[in-house]
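Coordinate inspection notes
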Amino acid sequence: MRRADPPPPFEPVLSPTLRILLGLAAVTVVLAGLYFARELAGPLLLAAVIVIICHPVRHPLERAGWPRWAATTAVVGVAYVVLAGLGALLYFAGRQFVGLVGDYEGQLESTAHSVVVWLQQFGLDQDAGDALRNAVSSSNVVGYVTSVGGTVLSVLTAMFFVLAYVIFMAADGARYAGVEREFGVEASRPLMARVRSYNRSVRRYFVVNAIFGAVVAIIDGLALWALGIPIPVVWAILSFVTNFVPNIGFVLGLIPPAVLALIVGGWPLMLAVIALYCVANVVLQVLVQPKFVSDAVDLSLTLSFFSVIFWTFIIGPLGAILSIPLTLLVRALVLDGDPGTRWLRWFSGQRSAAREPDA
């Protein structure tokens, strides 16, 4: 009997170019939805990161014989302590900042006028000078203070969702830990390995940034106090928070105390603040910290910087702090586990991808 010929090889209906375009269109739709739902998505993502950081608290408690519900309660309690600490720091800094703006409003306008006059000597046109004066006028300063109050209110509203999300995610984290028992080790091992690797990277990233941020905040606060800069504790808190923003956090933390130094002490004091920040922050945040962060996340510097801008645009200011975890999540969902994307993972900064076998 004559054997049947093998079926012809399957040919994709869509061309590679069309598949890429459809993929980009799908990504655009997802990102647009995330952009319009950022007031809900932002707190959800923040809660997920906090639960990932606090989840290891469960393991020693369960090994000690605690029931699952008690270990989950402990995770929720630790997460709430972290949130309460951050909330207290931000509340204190916000109150101090509002009072400072009122106290130095007149000096701020006077300094802005002096700066405009100085810049006009180098060719600054009249319209630009008027715009700078208007930016620091009394009415605008009051508007800035009002906007700060509105921001605090929106943060408090978002915190309600974060508190609720933490409870649900901590409970689900206990259930997901048993996925290998439910579906078998071999079936679930690749997925669970990717999940555990992602969780470890997120925890290491935030632990490293918290340690270096605390050191930088103490150094900056003491230096500003020695120079006589008002409310140095607030600027120390700002240094700690901005340390979680990759690449540009140092600049964001420097600008407010430098401007305040210009107002209260003139150019010499401003230059002294900039010099002290550069010595302390550049040594720690530029020369030392990136080595530890790179080992934790395996992202290229270009991608890290772009992720700050991109996620800030998508979900707002919270995206600057969550930019690295979100970028790692996208890489884990889209690229990890696919041998054909080895070169893309290496291009994104994952050095171990170069040692993997070819597909």
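Note: the structure precedes this text.
The notes below deal with the structure included here. Numbering of residues begins from 1 in every chain and follows the order in which that chain's sequence is written. Given that the model is predicted, a residue must reach a pLDDT of at least 70 before its local features are reported, and side-chain atom pairs must reach 80 or more before they are shown or counted; all residues, however, enter totals for whole chains, interfaces and linings. Side-chain metrics rest on all non-hydrogen atoms present in the structure, leaving aside hydrogens and water.

**Some remarks on the overall build of the chain**
- Strands are runs of DSSP state E lasting at least 2 residues, helices are runs of H or I lasting at least 4, and numbering of each runs from the N terminus. Looking only at helices and strands, one finds 15 helices and zero strands in the chain.
- Out of the 359 residues in the chain, the part that is buried amounts to 35%.
- Contacts: residue pairs with any heavy atoms within 4.5 Å of one another. In the chain, the proportion of contacts linking residues at least 24 apart, taken out of those at least 6 apart, comes to 69%.
- Summed over all atoms, the accessible surface of the chain reaches about 21,200 Å², with 72% contributed by carbon and sulfur. Exposure is judged per residue with a 1.4 Å probe applied to protein chains only, and the accessible area is read against the type maximum: over 50% gives exposed, under 20% gives buried, and values in between give partly exposed. In these tables, accessible area is a Shrake-Rupley quantity obtained with a 1.4 Å probe, and a residue counts as shielded only by the protein chains included in the view.

**Considering the side chain of Asn209**
- Turning to its location among the elements, Asn209 is positioned in helix H9 (residues 185-227).
- Its relative accessible area of 2% is what places Asn209 among the buried residues.
- Looking at Asn209, its side chain comes within polar contact range of the main-chain oxygen of Tyr205, at 2.7 Å. Whenever a nitrogen or oxygen atom comes within 3.5 Å of another N or O atom, the pair is scored as a polar contact, on the condition that within protein one atom can donate a hydrogen and the other can accept it, and that pairs from neighbouring residues in sequence are kept only if both atoms are in side chains.

**Let's talk about the pattern of salt bridges**
- Every case where a carboxyl oxygen of Asp or Glu lies within 4 Å of a side-chain nitrogen of Lys or Arg is listed as a salt bridge. For the structure shown, the criterion picks out one salt bridge.
- A salt bridge links Glu62 to Arg58, with the shortest nitrogen-to-oxygen separation between them at 3.4 Å. Taken together, the residues span about one helical turn, with Glu62 and Arg58 both in helix H3 (residues 58-63) at a distance of four residues.

**Some details on a nonpolar patch on the surface**
- Together, Leu18, Ile20, Leu21, Leu22 and Leu24 line one region of the surface with nonpolar side chains, adding up to about 470 Å² of accessible area.
- Its place among the elements puts Ile20 in helix H1 (residues 16-36). Like charges within 9 Å and nonpolar side chains (Val, Leu, Ile, Met, Phe, Trp, Tyr) within 5 Å are joined into patches, using only residues over 30% in relative accessible area that form no salt bridge.

**Overview of helix H10 (residues 232-242)**
- Counting buried positions along H10 yields eight of eleven residues, so the element is predominantly enclosed.
- Within the sequence span of H10, burial applies to Pro232, Val234, Trp235, Ala236, Ile237, Ser239, Phe240 and Thr242.

**Digging into the nonpolar core**
- Put simply, buried Ala, Val, Leu, Ile, Met, Phe, Trp, Tyr and Cys residues joined by side-chain atoms within 4.5 Å make one nonpolar core. Core analysis: the largest hydrophobic core is formed by 33 residues, its most contacted members being Val166, Phe206 and Leu322.
- Listed by contribution, the elements that provide at least two residues to this core are helix H2 (38-54), helix H4 (68-103), helix H7 (138-176), H9, H10, helix H12 (301-315) and helix H14 (323-334).
- With eight residues, H2 is the single largest residue contributor to this core.

**Brief notes about H12**
- One fewer than the residue count of a helix, multiplied by 1.5 Å, yields its expected span. Taking 1.5 Å of rise per residue, the 15 residues of H12 would be expected to cover 21 Å, and the 21 Å separating its terminal C-alpha atoms lies within 8% of that figure.
- Restricting attention to buried positions, one finds in H12 the residues Ser304, Ser307, Val308, Trp311, Ile314 and Ile315.
- Gly316 sits one or two residues past H12 and shows a positive phi near 90°.

Purely geometric numbers; function is a separate question.
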